[in-house]
Amino acid sequence: MLFWVLQAASGVLIVFHWELEDALIRAPHIRTDPSAIETQLGTMVPPGSGLVIESVWTSGGAKDRYDVYVETPDGDAERTIRIDGAGNILRTLTPAESGVFDAIVGFHHDLLAGETGRWIVGISGLLLAGNIGIALFLAWPGRQRLRALKPPAKSARGIPRLYGWHRAVGFWGALPALALSLAGVLLVFQDSAEAWLAPTSIAKPTEPWTAASPPGFGKVVGAAMALYPDARLADVSFPTPDSAVWRVRLRTDGEARRAYGRTTVFVSGNSGQILASLPASAAPPRRAFLDGIFPFHTGEIAGLPGRLAVVATGLWLLTMAFLGLVLWKMRRRAR
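Let us look at the structure shown here. Note that the coordinates shown come from a computational prediction; the quantities given were computed from them, not determined experimentally. Throughout, residues of each chain are indexed from 1 in the direction in which the sequence is written. Owing to the predicted nature of the model, reporting of local features is limited to residues with pLDDT of at least 70; listing and counting of side-chain atom pairs is limited to 80 or more, with chain, interface and lining totals taken over all residues. Water and hydrogen atoms play no part in the side-chain values, which are based on all heavy atoms of the structure.

1. Some details on the overall build of the protein chain
Helix and strand definitions follow DSSP, with helices as H or I runs of at least four residues and strands as E runs of at least two, each counted in order from the N terminus. Along the protein chain, the regular secondary structure elements total eleven helices and eight strands. In terms of overall dimensions, the protein chain has C-alpha extents of about 80 × 40 × 35 Å along its principal axes. Relative accessibility decides the category of a residue: with a 1.4 Å probe and only protein chains considered, values under 20% of the type maximum give buried, values over 50% give exposed, and everything between is partly exposed. Counting only residues that meet the buried cut, the protein chain has 44% of its 335 residues in that class. Restricting the contact set of the protein chain to residue pairs at least 6 apart, pairs at least 24 apart contribute 61%. A total accessible area of about 18300 Å² is found for the protein chain, and carbon and sulfur atoms account for 63% of it. The convention is simple: Lys and Arg are positive, Asp and Glu are negative, and His and the chain ends are not counted. Charge placement uses NZ in Lys and CZ in Arg. For Asp and Glu, CG and CD serve respectively. In the protein chain, the 33 positive side-chain charges and the 27 negative ones have mean positions that sit 21 Å from each other. Working rule for contacts: check all heavy atoms of both residues, and any pair within 4.5 Å makes them a contact. What sets the accessible areas is the Shrake-Rupley method with a 1.4 Å probe; for residues, cover comes only from the shown protein chains.

2. As for a nonpolar patch on the surface
Nonpolar side chains collect at one region of the surface, where Met-1, Leu-325 and Trp-328 lie side by side and expose about 320 Å² of accessible area between them. Structurally, Met-1 can be placed in the segment before α1 (2-14). Like charges within 9 Å and nonpolar side chains (Val, Leu, Ile, Met, Phe, Trp, Tyr) within 5 Å are joined into patches, using only residues over 30% in relative accessible area that form no salt bridge. Any carboxyl oxygen of Asp or Glu within 4 Å of a side-chain nitrogen of Lys or Arg constitutes a salt bridge here.

3. Overview of the packing of helix α4 (residues 100-110) against helix α5 (residues 114-139)
The interhelical angle for the contact between α4 and α5, taken along N-to-C directions, is 65°, at an axis separation of 7 Å. On the side of α4, the interface is formed by His-108, His-109 and Asp-110, while α5 contributes Gly-114, Gly-117, Arg-118 and Val-121. All residues other than Ala, Val, Leu, Ile, Met, Phe, Trp, Tyr, Cys, Pro, Asp, Glu, Lys and Arg, Gly among them, are scored as polar; the first ten of these are nonpolar and the last four charged. For the contact of α4 with α5, the class distribution of residues is one nonpolar, four polar and two charged. A fitted line through C-alpha atoms represents every axis, and for helices the fit uses only the stretch in contact; the resulting angles, taken between N-to-C directions, go from 0 to 180 degrees.

4. Quick look at the sheet that holds strand β6 (residues 245-251)
At least two DSSP bridges between two strands are required for those strands to pair. Pairing is antiparallel across the open sheet formed by eight strands, whose spatial order is β4-β3-β2-β1-β5-β6-β7-β8. Two strands lie at the open edges of the sheet, namely β4 (89-93) and β8 (274-278), each paired on one side alone. Averaged over all adjacent pairs, the angle separating strand axes in this sheet is 20°, with direction ignored. The pairing of β6 with strand β7 (residues 263-268) spans six bridges and is antiparallel. Along β7, the bridge assignment pairs Val-248 with Val-265. Where helix α3 (residues 34-44) meets the sheet, its contacts fall on β1 (52-58), β2 (66-71), β3 (77-83) and β4, and the angle it forms with β3 comes to roughly 145°. Its contacts with the sheet place helix α9 (residues 217-227) against β1, β5 (232-237), β6, β7 and β8, and it is angled at close to 45° to β6.

5. Digging into a positive patch on the surface
The grouping of Lys-329, Arg-331, Arg-332, Arg-333 and Arg-335 at the surface amounts to a positive patch. Here Arg-332 shows up in helix α11 (residues 303-334).

6. Brief notes about the packing of aromatic side chains
Each aromatic pair joins two rings of Phe, Tyr and Trp (for Trp, the six-membered one) with centres within 6.5 Å, and gets the label stacked for planes under 30 degrees apart, edge-to-face for over 60, and tilted for any other angle. In this structure the tally under the stated criterion is five aromatic pairs. Aromatic side chains Phe-238 and Trp-246 sit 4.7 Å apart centroid to centroid with 45° between the ring planes, which places their arrangement in the tilted category. In this structure, Phe-238 and Trp-246 share a single accessibility class: buried. An aromatic cluster is built from Phe-217, Phe-238 and Trp-246, whose rings are joined through pairwise contacts.

7. Some remarks on the nonpolar core
The nonpolar core is taken to be a set of buried Ala, Val, Leu, Ile, Met, Phe, Trp, Tyr and Cys residues, with the residues joined through side-chain atoms within 4.5 Å. Of all hydrophobic cores here, the largest spans 26 residues; its most connected members are Leu-41, Val-68, Phe-217, Leu-233, Val-236 and Phe-238. At the level of elements, α3, β1, β2, β3, α9, β5, β6 and β7 are the ones that each hand at least two residues to this core. Excluding residues that lie within four positions of it along the chain, Val-68 makes contacts with Leu-41, Met-44, Ile-53, Ser-55, Val-56, Arg-79, Thr-80, Ile-81 and Ile-83. Counting residues in each nonpolar core, the second largest holds eleven residues, with Ala-8, Ala-139, Ala-177 and Leu-317 among its members.

8. What to know about the pairing of β3
Two strands pair when backbone bridges link them, and β2 and β3 are joined in this way by six bridges, in the antiparallel orientation. Each bridged residue has a counterpart across the sheet, and for Val-70 the counterpart in β3 is Arg-79. What sits between the antiparallel neighbours β2 and β3 is a turn of five residues, in which Gly-75 has the positive phi angle 95°. Here β3 pairs with β4 via four bridges, running antiparallel. Its bridge partner being in β4, Thr-80 is matched across the sheet by Leu-93. Hairpin geometry of β3 and β4 is characterised by an intervening segment of five residues between the two adjacent antiparallel strands and by a positive phi of about 90° at Gly-87.

Remember that the coordinates give geometry; whether it matters functionally is a separate question.
Shown next, in the form of structure tokens:
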């Protein structure tokens, strides 16, 4: 119960963590200018610094803010720089300086324990789903279904009254909690789910370096966004020494995710030409199902009401744990 309480509490806290984190960084809004960002990226990681920019991601909170992930050539994280739409630095964090929200997110995902933590979280999610299913079976009211959804009568006292509240509150939130817990399990074991469903994978094209003066961030992102003028930039993965291919992902209208879109564009790092364009709307059903697990678990799939529903479901689990503990203590005392 304690583990589920911690998972529910951390889940409630991180539903709006993107917005809360950006709200703590006061700066004027500046629209995204890929060319200006390119200029600033060059000053962040100048030639000869021994560092590389691995990717740029939307912050997910305030509009037109991004996180630049800087690494060593060996792939070790060096620092994360938050910038505005013109590339101006708003905050710099090293791995040792990760904020409280990052710690809560890490705890919720894998207990800050890597693969072992993910297995613990996944198995506990299965146990939670099973517990909810058993509770529904045991408390199913039979012919008096509507009465079970109502709070107990005022005349009820002690254990019967508390049990009535426990059952009524439980029925109202059991199905959403069951669905969210199973979605969380699928996220933990997403690699296994992908192997089982065998969806069409998004294969990144490869291309050797040939250009003496390759196009930069501004031209590459501009070419991708020209295909989807109304889209918002989600993330950019930089080319590697082995492949001169950029991956640009956009969030287009109609996508379930609020910020991290799945529309993918691959751009040549030699010519700046589009190599492949994969709109999220054209994804096969199995791919769309897997891509929809995360926005369903976070409530993004239904916008602000959906995210508030996820918060309510987390509070429901905390309430059920409290009522269950008090009921257990009362029954134990009575025995």
